[in-house]
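# Coordinates in review
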Amino acid sequence: MLKFEDKRNLSIDNQVCIKPEYLIHPYISGNKYRKLKYNLLEAKRLKKKVLLTFGGAFSNHIAAVASAGKEFGFNTIGVIRGEELIHKVDTNPTLTFARDCGMILKFVTREDFRSKADKNFIATLKNEFGDFYLIPEGGTNALAIKGCEEILTESDECYDFVCCSVGTGGTISGLINSALPHQKILGFPALKGDFLQEEITKFALHENWELITNYHFGGYAKVTEELITFINEFKHSYSIPLDPIYTGKMMFGIYDLIKKGYFPKHSKILAIHTGGLQGIEGMNTKLQQQKKPLIV
Ligand SMILES: *Cc1c(COP(=O)(O)O)cnc(C)c1O
């Protein structure tokens, strides 16, 4: 596994600190490393040679699995949503990176992609590729949550609020399970929808958490100029890059809540920077096509 020292939290001001999980590795980044760690150990234990997983065209998880396969000696297969993308690998930085790591990319229709957990679909994949260790889309399973329980450490005891971005709910579940009784976990979903509450309840052992659902900026991978400006100003002020899909939205939300007086006076807030920086290049490609301001 990767060797890294737990990095010190970065202080933004008297109230907010950032846990710099994005510094773990440029591609096996942040929570994706945490979620893969015990899955890779399990795959090794089972003597599996191949990892297979699912993801969208700009997925941080696809980049992480491709990179981890290369680093830890697994062949990797990425099942990608969208048949049309087969012709766009060269212009998509995430897919180019994954391919260059040696990942075999299999493009499927959106309809097939929806049946990714289906036994028959998995069986066709086994027919095509042979045996593999399956990692679900976004990487969330029980072993992933075990890894995410290692994000908070003893030295984080002083925080009253721990904030993270939410995609599938795996990361927040790990944080909830390892939080102390006086700590409240706030999740900022990066997408619209009510299904997350239920997903998290499946894995979370405590009730010390809440989802803040009004900072998705229109939905998954949607951005506004206000968000891009915030991300650019944040980097300018603190030299900390934020990604537009997850951590930028969370950080925007935290600052907005502070302005609105959500947090009690003198409370300490820890924001988990879950990484995702590889997604900036892909987002900039899209913004450029739309003639919108870019992330700098
Ligand atoms: C995948 C991802 C998330 C979401 O994590 P979940 O465990 O799926 O909720 C948050 N932040 C970043 C940067 C991610 O890449």
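Let us look at the structure shown here. In this text, all values refer to a predicted model and were calculated from it rather than measured experimentally.

To continue, consider the pattern of salt bridges. Overall, the coordinates contain 14 salt bridges when judged by the stated rule. With a closest N to O distance of 3.0 Å, K19 and D156 form a salt bridge. With K19 in strand 2 (residues 16–20) and D156 in the loop between helix 6 (142–148) and strand 7 (161–166), this pair connects stretches of sequence that are 137 residues apart. As far as the burial class goes, K19 and D156 line up, both buried. Put simply, E42 and R45 hold a salt bridge, and the shortest N to O gap is 3.0 Å. With a gap of three residues between them, E42 and R45 both fall in helix 1 (residues 30–45), about one helical turn apart.

Every one of the 15 residues lining the ligand counts as a neighbour, but K32, K35, T168, T171 and T274 are closest to it. At 2.6 Å, a side-chain N or O of T274 approaches a nitrogen atom of the ligand. Mapped by element, the contributors of at least two residues to the shell around the ligand are helix 1, strand 7 and helix 7 (170–178). Looking at the shell around the ligand, its residues break down into two nonpolar, 11 polar and two charged.

This part takes up the packing of aromatic side chains. The geometry of an aromatic ring pair is captured by the separation of the ring centres together with the interplanar angle, meaning the angle of the planes. Summed over the entire model, instances satisfying the criterion amount to 14 aromatic pairs. Ring geometry for F230 versus F234: centroids 5.9 Å apart, planes at 35 degrees, classification tilted. Separated by four residues within a single helix, F230 and F234 lie in helix 9 (residues 225–238), roughly one turn from each other. Taken together, F188, Y215, F217, F230, F234, Y238, F252 and Y255 form an aromatic cluster joined through their ring pairs. Over the ring of Y246 we find K32, and its NZ or CZ is 5.6 Å from the ring centre. When the ring centre of F113 is taken as reference, the NZ or CZ atom of R81 above it lies at 5.0 Å.

Right, let's talk about the environment of T274 for a bit. Positionally, T274 belongs in the loop between strand 10 (269–273) and helix 11 (279–289). Residue classification places T274 among the buried positions, given a relative accessible area of 7%. Between the alpha carbons of T274 and Y22 there is a distance of 5.8 Å; along the sequence they are 252 residues apart. Sequence-distant contacts of T274, that is, excluding residues within four places in its chain, are made with E21, S29, G30, N31, T171 and T247.

Cut-offs applied
Residues numbered from 1 in each chain as written. Predicted model: local features only at pLDDT ≥ 70, side-chain atom pairs only at ≥ 80, totals over all residues. Heavy atoms only, no water. Salt bridge = Lys/Arg side-chain N within 4 Å of Asp/Glu carboxyl O. Helix = DSSP H or I, 4+ residues; strand = E, 2+ residues; numbered from the N terminus. Buried < 20%, exposed > 50% of the residue type's maximum accessible area, 1.4 Å probe, protein only. Near = heavy atom within 4 Å. Polar contact = N/O pair within 3.5 Å; in protein donor to acceptor, adjacent residues only side chain to side chain. Nonpolar A, V, L, I, M, F, W, Y, C, P; charged D, E, K, R; others polar. Phe/Tyr/Trp six-rings, centres within 6.5 Å; stacked < 30°, edge-to-face > 60°. Lys NZ or Arg CZ within 6 Å of the ring centre and 35° of its normal. Contact = heavy atoms within 4.5 Å.

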